[in-house]
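Okay, here's what each chain looks like letter by letter:
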Amino acid sequence: MELTEFISGLINEGNVTVAADLLSFEEADLRTAAIHLQQYYEDDCREMPHTAPALDMEAALWAAGYLYTTVQFILLRNLDASLLDTHLPAYKGERTPAAIYSADLTLRYLPDLFLLAKGLSPADPLIARFYQTAHQWPFSAAAIPLTEQVDLSAINEHPSLRQAYTDRIIQARNLSQSRLPENLPFVQAALGSYAAQLWPQFDTVINEIIL
Amino acid sequence: MTESVITLLPADIKVLALLRTRVDIVAARHQDLIWVKGIADNAFRQLPALNTWKPDGANRLFAPGALTPALTLPELAWQPLTEFIPVSLPASGLPAFATARHAVKLAPCPGTEESFAILTEMRTLEAYIAAAPQVRLRHLRFAASASARVLVAGVPLPPIPGTSYTLKDRILMPAGYDFDPPVIRSLLTEKLEAARTHFLLFHVNGAYEMIPDTSFVHVTRSAVRLTAETLTHVL
């Protein structure tokens, strides 16, 4: 029940435990983990703007396993970089709004892990993998400053994801993301005439752009 | 100077009272008149007497200059003037206890204070938080009533329909109104013990509600939605 305990610890206590070796999750573990994710989804939906996308369990389980293994790669420094491709496989399904939100149930912790890993070893191949994942799942990586263009089409097509993504950019005070043309109007609309009060740095940046 | 007996009208007791400290004068009431006996000095003679007599040793009364008595002095219960005219304390000049209650009234005022809270319906708030940016919610708190009315507090207030209120001294007043007279505000906060742990929400008609501090929770989408779920029977 490695994955189940990992998810339970993550959701309920904010602490996680991982195995000392890379492993594959048992079927029973995946079934119980799915029950936890289902419950977590139902609770989390209440905090989402508008109506949250439906649950895509395949994406949710993939993301939970991905996060589990990522933590292992951060903690187990003896693991070889060549194992990354094998044990951190990319998501094979379509990144629909449902898949994005379902994966986000656990991938939302990715920015915190990114900062942790970067602090431990900036040159770690895992950091490059983090950026790659962040570009593929921008909804979960709103707090990570990204230099390359990201595909926001799936986010933009769903009002709940679009609003939540804007919320996260503002919450993280991510100026680089807020200035992108596809995000700027939403951030401006969210702050309204209170930008100077709610996010003074953004207000300064906008004034510079306008002037 | 000889002793005299005079009679006075009852209304002239105030004049007699001027001689109240004289120990040689006695008085008595008889047949609706005041009878006074004493040494006829100048002060005594200035009393507004109806009749004046000189008594002899046998209690016969002689009019001035008369050789024969006019009548016999009746048996009277003579009293010293200090007893005949007792003193009493004057009516107190201190204010009495207020027995009439003053109804609290509100009146329009010209103030332009920023609104701090808005009273609206749960459905209205629920619809707002569904679409509102989180940054516009996190500074807000709300308290809901069993009738699905909800008071949202925090600046800036959400742009939703409702009655807005200003806040001062833990009193929430309809925007554009103040007490009539305004001094009632300080009296209320002094008198109402509950004002330390409650917000007092006044309505325009002067009625008020007490809202405990502990009734307010942060506005989050989940908190509002969960509260709305508990009020489905009135929504």
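Further up the page is the structure itself.
What counts, and at which threshold
- Residues numbered from 1 in each chain as written.
- Chains lettered and ligands numbered in written order.
- Predicted model: local features only at pLDDT ≥ 70, side-chain atom pairs only at ≥ 80, totals over all residues.
- Heavy atoms only, no water.
- Helix = DSSP H or I, 4+ residues; strand = E, 2+ residues; numbered from the N terminus.
- Rg over C-alpha atoms; globule rule 2.2 N^0.38 Å.
- Buried < 20%, exposed > 50% of the residue type's maximum accessible area, 1.4 Å probe, protein only.
- Areas by Shrake-Rupley, 256 points an atom, 1.4 Å probe, with all protein chains shown as cover.
- Lys, Arg positive; Asp, Glu negative; His and termini not counted.
- Charge placed at Lys NZ, Arg CZ, Asp CG, Glu CD.
- Contact = heavy atoms within 4.5 Å.
- Buried area = accessible area lost by both parts, 1.4 Å probe.
- Salt bridge = Lys/Arg side-chain N within 4 Å of Asp/Glu carboxyl O.
- Polar contact = N/O pair within 3.5 Å; in protein donor to acceptor, adjacent residues only side chain to side chain.
- Axes fitted to C-alpha atoms, helices over the stretch in contact; angles between N-to-C directions.
- Parallel < 35°, antiparallel > 145°, perpendicular 65-115°, else oblique.
- Nonpolar A, V, L, I, M, F, W, Y, C, P; charged D, E, K, R; others polar.

K.L.:
Could you clarify how one ought to interpret the overall build of chain A in this entry?
P.N.:
Across its full length, chain A holds 13 helices and zero strands. Start at the N end of chain A and walk to the C end: the helices and strands fall as α-α-α-α-α-α-α-α-α-α-α-α-α. Radius of gyration (C-alpha) of chain A: 18 Å, near the 17 Å computed for a compact globule of 211 residues. Dimensions along the principal axes, computed over C-alpha positions, put chain A at roughly 55 × 40 × 30 Å. For chain A, buried positions account for 49% of its 211 residues. For chain A, the accessible area works out to roughly 10,200 Å², and carbon and sulfur atoms hold 53% of it. Computing the positive centroid from 12 side-chain charges and the negative centroid from 26, chain A places the two 5 Å apart.

K.L.:
Got a minute to help me understand the interface of chain B and chain A in this structure?
P.N.:
A common way to report how large an interface is uses the accessible area buried once the components associate. Taken together, the contacts link 16 residues of chain B with 17 residues of chain A. Buried area between chain B and chain A, both sides added, is near 1,500 Å², and the carbon and sulfur share of it is 46%. Put simply, chain B and chain A have two salt bridges between them. With a closest N to O distance of 2.8 Å, arginine 221 of chain B and aspartate 167 of chain A form a salt bridge. If you look at where chain B meets chain A, you find eleven residue pairs in polar contact (both at pLDDT 80 or more). Listing elements by their share of the side of chain B that touches chain A, those giving two or more residues are α4 (122–131) and α6 (221–230) of chain B.

K.L.:
Can you help me understand the packing of helix α2 (residues 27–45) of chain A against helix α5 (residues 97–107) of chain A in this one?
P.N.:
The relative placement of two packed helices comes down to the angle between their axes together with the axis-to-axis distance. Residue and element names in this part refer to chain A. The N-to-C vectors of α2 and α5 enclose an angle of 100 degrees; their axes lie 11 Å apart at closest approach. In this view, α2 runs roughly perpendicular relative to α5, as classed from their interaxial angle. Of α5, the residues touching α2 (which contributes Leu37, Tyr40, Tyr41, Asp44 and Cys45) are Tyr101, Leu105 and Thr106. Residues belonging to the contact of α2 with α5 are distributed by class as follows: six nonpolar, one polar and one charged.

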